[in-house]
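One letter stands for each residue in the lines below.
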Amino acid sequence: MSSHDIFLGETIGTAVLILLGGGVCAAVTLKRSKAKDAGWLAITFGWGFAVLTAAYLAGGVSGAHLNPAVTVGLAVEGGTKWNDVPLYLASQLLGAMIGAVLVWATYYGQFQAHLTDPEVIAAQPAEEGLVDQKAAPKAGPVLGIFSTGPEIRNVVQNLVTEVIATTVLVLAILTQGLNDGGNGLGTLGALITSLVVVGIGLSLGGPTGYAINPVRDLGPRIVHALLPLPNKGGSDWSYAWIPVVGPLFGGALAACIYKLF
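Described in the following lines is the structure provided in the data block. All figures in this text were calculated on a predicted structure; none of them were measured in a lab. (Residues numbered from 1 in each chain as written. Predicted model: local features only at pLDDT ≥ 70, side-chain atom pairs only at ≥ 80, totals over all residues. Heavy atoms only, no water.)

Considerations on helix α3 (residues 68-77)
- Among the 10 residues that make up α3, 8 are buried, leaving the element largely enclosed by the rest of the structure.
- Those residues of α3 that fall on the buried side of the exposure criterion are Pro 68, Ala 69, Val 70, Thr 71, Val 72, Gly 73, Leu 74 and Ala 75.
- Packing partners of the buried residues in α3 comprise α4 (85-106), α8 (155-174), α10 (214-226) and α11 (242-260).
- For α3, the N-terminal cap is Asn 67; the gap from its side-chain oxygen to the backbone nitrogen of Ala 69 is 2.8 Å.
- Looking one or two residues beyond α3, the residue adopting positive phi is Gly 78, at roughly 110°. (Buried < 20%, exposed > 50% of the residue type's maximum accessible area, 1.4 Å probe, protein only. Helix = DSSP H or I, 4+ residues; strand = E, 2+ residues; numbered from the N terminus. Contact = heavy atoms within 4.5 Å. Polar contact = N/O pair within 3.5 Å; in protein donor to acceptor, adjacent residues only side chain to side chain.)

So this is what it looks like as structure tokens:
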């Protein structure tokens, strides 16, 4: 694949992934949305369909990695050249940021209504400097639309959860090559991968919100910090390294397991 193919496929594919994935989070979270309070099932299936759409869209152009953990896993396994890894990662991060901006544009009115709602404002600490920082929430009221966060803040557990979940994802992708005489599953692989993402969300997503993709979390978190959202609160940067390091380690671990066995 040429550098142009990688850049185009990964940027557009990841933008669509985040637009649809972040879009379902916005639909479920924001007041004045028709899908308000649709619940965890809607989110997990929404993300699964986001993966399916993005993978079909970019698969024939860049291979549809759409995830640095997948790229690193394929590089460790040997299917992707290490020289191409920086371009994959940069394109994915750019696409993730574009997708997050598109979510904001799509739900602009709902963001404004939600963040200026008296109940939402009242639920936030009035004077951040007077709040016990150990007990206070570090995330703003709409940060969950853009990025993930733990239900119980425990560094070791949160990191292990992301490693385990991402290992499952990347192993499921790598082992597709064992089917059909080593030729993989073709376009059917995108459907299988999307269902794996739904399964991970349902079974392993409860503790941390299953980032399983560094740019899925980091790109939109950067956008959250930059967007002119009223009363948006913090971007929880103290947690931000976990959904980056955990998935990258999980992707590499999956490749090592694949090569070993």
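Focus on the packing of α4 against α10
- Running from N to C, α4 and α10 point in directions that differ by 50°, and their axes come no closer than 8 Å. Accordingly, the angle class assigned to the pair α4 and α10 is oblique. The chirality of how α4 crosses α10 is right-handed. Where α4 approaches α10, its residues Leu 89, Gln 92, Leu 93, Ala 96, Met 97, Ala 100 and Val 101 are matched on the opposing element by Val 215, Leu 218, Gly 219, Pro 220, Ile 222 and Val 223.
- Partitioned by chemical class, the residues of the contact of α4 with α10 number 11 nonpolar, 2 polar and no charged. (Axes fitted to C-alpha atoms, helices over the stretch in contact; angles between N-to-C directions. Parallel < 35°, antiparallel > 145°, perpendicular 65-115°, else oblique. Left-handed = near helix turned anticlockwise from the far one by under 90°. Nonpolar A, V, L, I, M, F, W, Y, C, P; charged D, E, K, R; others polar.)

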